[in-house]
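Descriptive structure summary
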Amino acid sequence: MATGDAADAELPEGFTVDKDARYTGTVADYNKWRGFGHITIDQQGVVPGDKVFVHWKNIQTDDRFPRLKEGLQVEFGLFLHMKKSGYPKNVSVKAKTVTLQGGGMVNIQDEMDAETMTFVGAQNLRYTGTIKFFDQMRGFGWVIIDDGFQMEEPVPKEIKVHGTELHTGGKPLRMRIDKLAVEFGIIKNKKGDQYLAYNLTLPGGTPITMETLEHRQPEGGERFTGTVQWWHRWQGWGHILPDNSSALPAVVQQKLAEAAAQAAAKAKEGETKSDDKLLYFRKADCEWNLRPEPGKKVTFTVYTDDKGAGATEVAVVPE
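Residues numbered from 1 in each chain as written. Predicted model: local features only at pLDDT ≥ 70, side-chain atom pairs only at ≥ 80, totals over all residues. Heavy atoms only, no water.

If you check an unreviewed UniProt entry, the protein chain appears there as CSD domain-containing protein from Durusdinium trenchii.

Focus: the overall build of the protein chain
Convention followed: A run of DSSP states H or I qualifies as a helix once it reaches four residues; a run of E qualifies as a strand once it reaches two. Both are numbered from the N-terminal end. To sort residues, take the accessible area from a 1.4 Å probe on protein chains only and compare it with the maximum for the residue type: under 20% means buried, over 50% means exposed, and anything in between is partly exposed. Note on contacts: a residue pair is in contact if any heavy atoms of the two residues lie within 4.5 Å. Charged-residue counts in this description rest on Lys and Arg as positive and Asp and Glu as negative, His and the chain ends being excluded. Taken as the charge centre is NZ of Lys, CZ of Arg, CG of Asp or CD of Glu, depending on the residue.
Helices and strands together make up the secondary structure of the protein chain, namely three helices and 17 strands. Principal-axis analysis of the C-alpha atoms places the extent of the protein chain at approximately 70 × 60 × 35 Å. The burial tally for the protein chain puts 41% of its 319 residues in the buried class. Restricting the contact set of the protein chain to residue pairs at least 6 apart, pairs at least 24 apart contribute 62%. Taking the 40 positively charged and 44 negatively charged side chains of the protein chain as two groups, their mean positions are separated by 6 Å.

Here's the deal with the side chain of Arg67
Cut-off, in case you're wondering: A pair is scored as a salt bridge if a Lys or Arg side-chain nitrogen falls within 4 Å of a carboxyl oxygen belonging to Asp or Glu.
Assignment of secondary structure puts Arg67 in the loop between strand 3 (51-55) and strand 4 (73-82). The buried charged residue Arg67 lacks any salt bridge, with Asp113 as its nearest oppositely charged partner at 4.3 Å. Filtering out sequence-adjacent residues up to four positions away, Arg67 remains in contact with Tyr30, Lys32, Ile59, Val106, Ile108, Gln109, Met112 and Asp113.

Remarks on the nonpolar core
Taken as a class, soluble globular proteins show a tendency for nonpolar side chains to be buried jointly. Quick note on the threshold: Working definition of a nonpolar core: buried Ala, Val, Leu, Ile, Met, Phe, Trp, Tyr and Cys residues. They are joined through side-chain atoms within 4.5 Å.
Counting 25 residues, the largest nonpolar core has Ile39, Val52, Leu68, Val74, Phe76 and Val98 as its most contacted members. Elements supplying a minimum of two residues to this core: strand 1 (23-31), strand 2 (36-41), strand 3, strand 4 and strand 5 (91-100). With four residues, the top contributor of residues to this core is strand 5. When sequence neighbours within four positions are dropped, the list of residues in contact with Ile39 reads Gly25, Thr26, Val27, Ala28, Asp50, Lys51, Val52, Val54, Val74, Phe76, Ala95 and Val98. Val161, Leu173, Met175 and Val182 belong to the second-largest nonpolar core, a separate cluster that totals 24 residues.

Topic: helix 1 (residues 109-116)
Quick reminder of the rule: What the arc describes is the spread of directions from the helix axis to the C-beta atoms.
Within helix 1, the full set of buried residues consists of Gln109, Met112 and Asp113. Looking straight down helix 1, one finds that the buried residues subtend no more than 100° of arc, so they occupy a single side. Lining the buried residues of helix 1 we find strand 6 (118-119) and strand 11 (195-201).

Overview of the packing of aromatic side chains
Short version of the rule: Centres within 6.5 Å are what make two rings of Phe, Tyr or Trp a pair, Trp counting through its six-membered ring; a difference in plane orientation under 30 degrees is then read as stacked, over 60 as edge-to-face, and the rest as tilted. Any Lys NZ or Arg CZ that is within 6 Å of a ring centre and within 35 degrees of that ring's normal is treated as a charge sitting over the ring.
Scanning the entire structure with this criterion turns up eleven aromatic pairs. Measuring from centroid to centroid gives 5.2 Å for Tyr127 and Phe149, while their planes differ by 70°, and the two rings are edge-to-face. Of the two residues, Tyr127 is situated in strand 7 (residues 127-135) and Phe149 in the loop between strand 8 (140-145) and strand 9 (158-162); the sequence distance between them amounts to 22 residues. By relative accessible area, which is 5% here, Tyr127 ends up buried. With relative accessibility at 31%, the residue Phe149 sits in the partly exposed group. An aromatic cluster is built from Tyr127, Phe149 and Phe184, whose rings are joined through pairwise contacts. When the ring centre of Trp234 is taken as reference, the NZ or CZ atom of Arg233 above it lies at 4.9 Å.

So, in structure tokens, the structure goes:
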């Protein structure tokens, strides 16, 4: 079957990969703005064309925005990816769990930045301020710099921040941010006529993650199954009914029981009181290719936060 990526070679009928094997190779190309590239595999004959597609989500890194660079030697596994929409259902082979050779994290961003960016002060100099807003869908926002900083250059009070400069610990952050205290460096754009926020984090250098912003506590990495019970399309949130709530971690079961009791107490006289223990989830908690709708079977991991328990990493049950 043909692959879903024009740069990939056609896969022969019945082609399979060893899901546990690790391979080495060299990054042939990588587009940091589009977040993907290709790796040339050292072991010839493993895949047609000896080249494999790589997406930023499969890069193991502590950098604020996962990336590779041409010529970098890496190590990785392989998996088969089926296109979820359209016809025919094309299959392609992609790289997974990409590390440096030997298994090290791909932490290359600071070195690359030092070679290509112009800093106000120094690369490690940090300023504090507040995010006025950051819109993840549009990929940018604005930061208000705190008073009291003495700068030799005419940096304005408000500067722009691009999504690539949000340090999210290598995880996608699909939510709007408003009025959040942060720290950051400052750089000039290539033309030298605009100042921008660089490597923006929470105070103290903590990455800006959904778990941190919502005080989430992941409750293990085990995956569970359930059914989307309800989904509010326009507001982007809903509930999942676990197939077996007694299999969930004890702390999650307790949070669900408390939430069910609170809902029953608030129910108006004459309303049907449900004993269902439902997990909250949002569109941002779903894998990119999932379309939530009532009745859909899904898999997920669980977490607790200040408000209760929820599901994240929600994905469609493989067929």
